[in-house]
Amino acid sequence: MGEAVSYVPDLLPGTLELLILKILASGDPIHGYGIAQRLKSVSEEVLQVGESSLYPALQRLLLKGWVKGAWGASENNRRARFYTLTAAGRKQLAIERREFDRLIVAIHKVLNPA
Amino acid sequence: MRDLLRRVWYVIRQRQFERDLAEEIEFHRAMAQRDLERCGIGADAADSAARRLLGNTTLAREDSRGVWIWPWLESLWQDAAYAMRNLRRQPGFTAVVVLVLATVIGLHTTLVTVIAGVVLRPWPGVQDAHRVVAVYLLGPAGGNAGFAGGLPLSAYRTVAERAKSLGGAVATRAEEVLVGTGDSARSTEALLVTGNFFDVLGIGVAPGRGIGPDDDRPGGAQPVAVLAYDYWHSHFGGDPGVIGTNVRVNEVPFTIVGVASRDFSSAEPAYGKQLFLPMTAVSQLKPHDPPITCCVDVAGRLATGATREQVRAELDLLSREFVLPDGMSPRGVIVTGTAFASRPGRSDSVGPLAAASAISAGLLLVWLVACANIGNLLIARAAARVKEIGIRLSLGASRRRLIRQLLTEGFVLALSGSAIGIAIAYQLPFVLLHFLGGATAAFPFRVTVDGAVLGYALLLAGVSAAMFGLAPALFATRTDVAATLSEREGLPASKFPLRGLLLAVQVALSVVLLVSAGLLMRGAQRAGAFDPGFAVNDVTAVSFELPPGTYDDARKRAFFADLTDALRGLPANAIDAFGFATWEPIFIRRGYQTPIHLPDQTPAQAKMITSVDVSPDYLHVLRIPIVAGRNFEASSDGRPVAVINETMARQFWPNENPVGKTFLIGRADSREVVGVMRDAHTHSMDRVPPLFYQPLRLGRVVPRLVIRNRHGVPSMELKRIVARIDPRVRIQTTPLSAHLEARVAESKWGPMLGAVLGGFALALATVGMFGVFAYAVRQRTREIGIRMALGAQPSAVVRLVLAGHSRAVAAGLVAGLFGAVVSSVVLRSRLHGLSPFDPVAYLSVAVLLAAAGLAASYVPARRAVRVDPVVALRYE
């Protein structure tokens, strides 16, 4: 899309959800924009998520019951939805992490055959 | 499952969800813009940059929404389409199932419509109807007779002035009046209301106004009237100009001031009433009657924050000061809602509510039979599809998905049934109410199929689908893939004990329904042929309508004395006998309910007994014989004597001669028993209630004339006689046999409905048995072939194949007979004295079911013995 913006390179399906879960795992409630910012800064500007993928992902997580949303005031006193991880979400994070690690190892093996 | 609930929640709160999402994305954009501005970009540029940065907002929203609904809908649609394709392939099966479901769901939805819309709904057309309560007094009588009735007018005034838990209390009283003048005057039902009635209940009045406090001042009653909506349309053409004009009520001109709302006309107090008049107007309507003292119906609106329980407690205290007409005090009050069914005594065992629940229970049983039947059919289908399911499982379909698909199939079936059922429900309430309404002419209803009813029909469809679809779906998908693929068609019967269970359930429920129907039919037969115990066929009752406002007690007395003389003066063979009574026999409990007790008892131990005031000749007219003591003497008018029936004699003086004994009415009014008459069914079709007659005091009330004559009643002659005494008096003659026929006709509806339901259940169960037997034979064709080849006898083969399921049928039969005993005890009050264990009903049902079982197993059994071993072994 935009020339100034490099989007998240084609992530494996489900990876964005995993990343969101991980960011929320710190425990503090964070709003959608905050999640995008955090992703960007932690990944050193590599992962820049647009809303058209961030919000569907958040909705999927809400639907699965892995995150909870609650309305509150943002740092500049606007109404914003803050997300937190649920117990189920924490469990899911652990599972997906394992899966992801396995996948990475597998990909690595394919790319670097012994 | 949670997933599903969250999706459903989303659908329900969709708007909220979307608003949230939009706000959230807008917030995101604003934050991005702010950050860009901080980096030193101008506001406009930052705005567009932020928008660009964030991509297309609408797309983001569409995508986010899609998470919730789209994939789900899509797969649902896939399942439904697949199910429909599947069902179309078997049109016969589909048609049968849909029809069965449509009938049952339609009937049951209808009934629920009627009950919910009519019986359980508080008064329509009343503001905030749930805060309106009705107040009844508990009579002084002890025991569980639980007499409850209206309040004396003085008690109402106390309540209206002093009850703090009521924001306002109103009183009403039904009154029959004549509207119009001269020959065009028509007898009309009016409702007398207190001046605050329209205001406290918040009843809409348009055009015009309601009756106000100024119209209802004691002594200065304003002659104003409010019309009922339907009356306004039928008699005044719905013309708004009618406001301000006069209408003559009992020859007194009343000014029409308003028209009550249409909704309110189906509220119980207003039902069937055509006029609303101020309570105090009664002194103008009936100048010769004593003023109203008892009793009025009282309703009130709960004060802010008050509860029904508080009202009851407060009125209970107040009611200690109330004095009933017989000088006693009530035991307390009952405070209820305003729904038809909440009135005390409405939910008794013979009321319309009980009838509706009995029919409803019957329908539910048929529904269960239908579900069990369809469940079995689906299992058979699932078994036939085991191979297909096995293949799909082995290709990686998840079990959950397959179960969902099979359930969808059930749901599609149930939904089609429901749709047709709703169409039935749309028309049927009126037909049904016609039947039910026979028992209660005053059935205030205005029934429509609304959202709640649609919802109920859908719920029934859903529950049906789950009931008959879930088990087969679970069973069919439980299979081990390898085993399935290697196996021939079907599964061994032992894997489906469920089929036997479902069969037993069908049989048991059919037995319950059939026995109930049989008992009801036998009861009705008995009612039709019953011996009332008194002369019915030659007797006619005559009621009188005296011109209003002109007859005081003395004039009434004179009228009836003249009438008696004129009748006596007729030629000897003109009429056989005549007498007077406050009520002629109409075969239901009607008449005064009088609290009576024995001299050695306290008034609190009193029982409510039916009494009728009669002239001395009355027993002779009805040919009710005296079995002990004597009849009233000719001059016993108003004397404290009574003739009691045998039932009352047994209840009050067991093993004693009651003649010469006394009993007390109210506190001190005593009656001496002068005679005992034989029990007669004057007041009921089944058990004879205790009953006493006392001498009629001419003058006070207007009695009915009861005439016995072999050659019919000379009504022309009668009209001439009456016209000679006073041409303004109108008479109406009703033969007693008409009352009896009406009761008998009424008592036939229940059995007929029962028989239809029972027949329906039996047909379903027979088809069910046939299906199970046929399937058992087909499944074991190979085994039968081997056995036959090895020399097994055909009879042994039949036994082998049918034994397992016959046991299920037998178990169902036994369980059903037990269930039938329970249901017949419940139905006892409708059996007209027939024993609930009537052997004819039970035996004929057993025979009927055995015949059905034989019929259902005949074809499969023949198929089994005709299995050709060679063919069967080649079956592979």
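A few points on the structure.

Conventions we followed
Residues numbered from 1 in each chain as written. Chains lettered and ligands numbered in written order. Predicted model: local features only at pLDDT ≥ 70, side-chain atom pairs only at ≥ 80, totals over all residues. Heavy atoms only, no water. Patch = residues over 30% accessible without salt bridge, like charges linked within 9 Å, V, L, I, M, F, W, Y side chains within 5 Å. Areas by Shrake-Rupley, 256 points an atom, 1.4 Å probe, with all protein chains shown as cover. Salt bridge = Lys/Arg side-chain N within 4 Å of Asp/Glu carboxyl O. Helix = DSSP H or I, 4+ residues; strand = E, 2+ residues; numbered from the N terminus. Buried < 20%, exposed > 50% of the residue type's maximum accessible area, 1.4 Å probe, protein only. Phe/Tyr/Trp six-rings, centres within 6.5 Å; stacked < 30°, edge-to-face > 60°. Lys NZ or Arg CZ within 6 Å of the ring centre and 35° of its normal. Arc of directions from axis to C-beta. Contact = heavy atoms within 4.5 Å. Pairing = 2+ DSSP bridges. Axes fitted to C-alpha atoms, helices over the stretch in contact; angles between N-to-C directions. Parallel < 35°, antiparallel > 145°, perpendicular 65-115°, else oblique. Left-handed = near helix turned anticlockwise from the far one by under 90°. Nonpolar A, V, L, I, M, F, W, Y, C, P; charged D, E, K, R; others polar. Expected span 1.5 Å × (residues − 1). Bend = angle between axes of the 7 residues up to and from the residue. Polar contact = N/O pair within 3.5 Å; in protein donor to acceptor, adjacent residues only side chain to side chain.

A short note on a nonpolar patch on the surface
All names here are of chain A.
Then step 1. Residues Leu103, Ile104, Ile107 and Leu111 make up a contiguous nonpolar surface patch of roughly 350 Å² in combined accessible area.
Then step 2. Mapped onto the secondary structure, Leu103 falls in helix 4 (residues 87–111).
Then step 3. The exposure class assigned to Leu103 is partly exposed, which follows from its relative accessible area of 38%.

Some remarks on the packing of aromatic side chains
Then step 1. Applying the stated criterion across every chain yields a total of 15 aromatic pairs over all chains.
Then step 2. Consider the rings of B:Phe559 and B:Phe560, whose centres lie 5.0 Å apart with planes at 85°: the pair is edge-to-face. An identical accessibility class is assigned to B:Phe559 and B:Phe560; each is buried.
Then step 3. Linked through ring pairs, B:Phe544, B:Phe559, B:Phe560, B:Phe578 and B:Phe580 together constitute an aromatic cluster.
Then step 4. Lying across the ring of A:Trp71, A:Arg79 places its NZ or CZ 4.2 Å from the centre.

A closer look at helix 20 (residues 715–725) of chain B
Residues and elements named next belong to chain B.
Then step 1. Every buried residue of helix 20 is accounted for by Leu718, Ile721 and Val722. Along the axis of helix 20, the buried residues cluster in a sector spanning 95°; they form a single face. Away from the buried face of helix 20 by more than 90 degrees, exposed residues Met716 and Arg724 are located.
Then step 2. Contacts made by the buried residues of helix 20 are with strand 12 (539–545), helix 17 (553–568), strand 21 (704–708) and strand 22 (730–735).

Let's talk about the pattern of salt bridges
A side chain with one charge may pair with a side chain of the opposite charge, provided their charged atoms come close.
Then step 1. Evaluation of the coordinates by the stated rule reveals 25 salt bridges over all chains.
Then step 2. Notably, a salt bridge pairs A:Glu17 with A:Arg60, separated by 2.6 Å at the nearest N-O pair. Here the residue A:Glu17 occupies a position in helix 1 (residues 15–24), and A:Arg60 occupies one in helix 3 (residues 51–64), the gap between them amounting to 43 residues.
Then step 3. A residue is classified by how much of its surface remains accessible, and A:Glu17, at 11% relative accessible area, is buried.
Then step 4. Residue classification places A:Arg60 among the partly exposed positions, given a relative accessible area of 35%.
Then step 5. Between B:Arg34 and B:Asp35 there is a salt bridge, with the nearest N and O atoms lying 3.5 Å from each other.
Then step 6. Because the salt bridges share partners, they merge into one network encompassing A:Arg81, B:Asp20 and B:Glu24.

Some points on the pairing of strand 15 (residues 607–614) of chain B
Residues and elements named next belong to chain B.
Then step 1. Within strand 15, seven of the eight residues are buried, which leaves it mostly tucked inside the rest of the structure.
Then step 2. The pairing of strand 15 with strand 20 (residues 691–695) spans five bridges and is parallel. In the strand pairing of strand 20, Val612 is matched with Tyr693.

Observations concerning the packing of helix 23 (residues 794–826) of chain B against helix 24 (residues 839–865) of chain B
The axes of two packed helices give the description: the angle between them and the distance between them.
Residue and element names in this part refer to chain B.
Then step 1. Following both chains from N to C, one finds helix 23 and helix 24 inclined at 160°, their axes separated by 10 Å at the closest point. Put simply, helix 23 runs roughly antiparallel to helix 24. Regarding helix 23 and helix 24, the two cross each other, and that crossing is right-handed. Contact with helix 23, carried on its side by Pro794, Val797, Val798, Leu802, Leu813, Leu817, Ala820, Val821 and Ser824, involves Tyr842, Leu849, Ser857, Ala861, Ala864 and Val865 of helix 24 and no other residues of that element.
Then step 2. Residues that form the contact of helix 23 with helix 24 fall into these classes: 13 nonpolar, two polar and no charged.

Observations regarding the sheet that holds strand 1 (residues 30–31) of chain A
All names here are of chain A.
Then step 1. Here we have three strands laid out as an open sheet, ordered 1-3-2, and antiparallel in their pairing. If you trace the sheet from one side to the other, it starts and ends with strand 1 and strand 2 (67–73), each paired once.
Then step 2. Contacts from helix 1 reach strand 1, strand 2 and strand 3 (79–85), with the element oriented near 90° to strand 3.

Quick word on the pairing of strand 10 (residues 297–302) of chain B
Residues and elements named next belong to chain B.
Then step 1. Within strand 10, five of the six residues are buried, leaving the element largely enclosed by the surrounding structure.
Then step 2. In this sheet, strand 10 lies alongside strand 1 (residues 132–138) in antiparallel orientation, the contact comprising four bridges. The residue of strand 10 that forms the bridge with Val133 is Gly300.
Then step 3. Strand direction decides the pairing type here: strand 3 (residues 166–179) and strand 10, joined by six bridges, are antiparallel. Across the sheet, residue Ala171 finds its bridge partner in strand 10, namely Val298.

Digging into the environment of B:Gly804
Then step 1. With respect to the helices and strands, B:Gly804 occurs in helix 23.
Then step 2. The sequence separation of B:Gly804 and B:Pro497 amounts to 307 residues, and the corresponding C-alpha distance is 9.7 Å.

Looking at unusual backbone geometry
Residue and element names in this part refer to chain B.
Then step 1. With phi around 45°, Asn250 is a residue other than glycine that occupies positive phi space.
Then step 2. The class of Asn250 is buried, set by a relative accessible area of 5%.
Then step 3. Positive phi, close to 55°, is recorded for Arg623, a residue that is not glycine.
Then step 4. The class of Arg623 is exposed, set by a relative accessible area of 54%.

Notes on helix 23 of chain B
Residue and element names in this part refer to chain B.
Then step 1. A rise of 1.5 Å per residue sets the reference length of helix 23, with its 33 residues, at 48 Å; its end C-alpha atoms lie 46 Å apart and thus fit the reference within 8%.
Then step 2. Of all the bends in helix 23, the largest measures some 50° and sits at Ala803.
Then step 3. All of the buried residues in helix 23 are Val797, Val801, Leu802, His805, Ala808, Val809, Gly812, Gly816, Ala820, Ser823 and Ser824.

A look at the side chain of B:Asp838
Residue and element names in this part refer to chain B.
Then step 1. Examined against the element boundaries, Asp838 turns out to sit in the loop between helix 23 and helix 24.
Then step 2. Only 2.7 Å separates the side chain of Asp838 from the side chain of Arg522, close enough to count as a polar contact.
Then step 3. For Asp838, the residues in contact, after removing those within four places along its chain, are Leu519 and Arg522.

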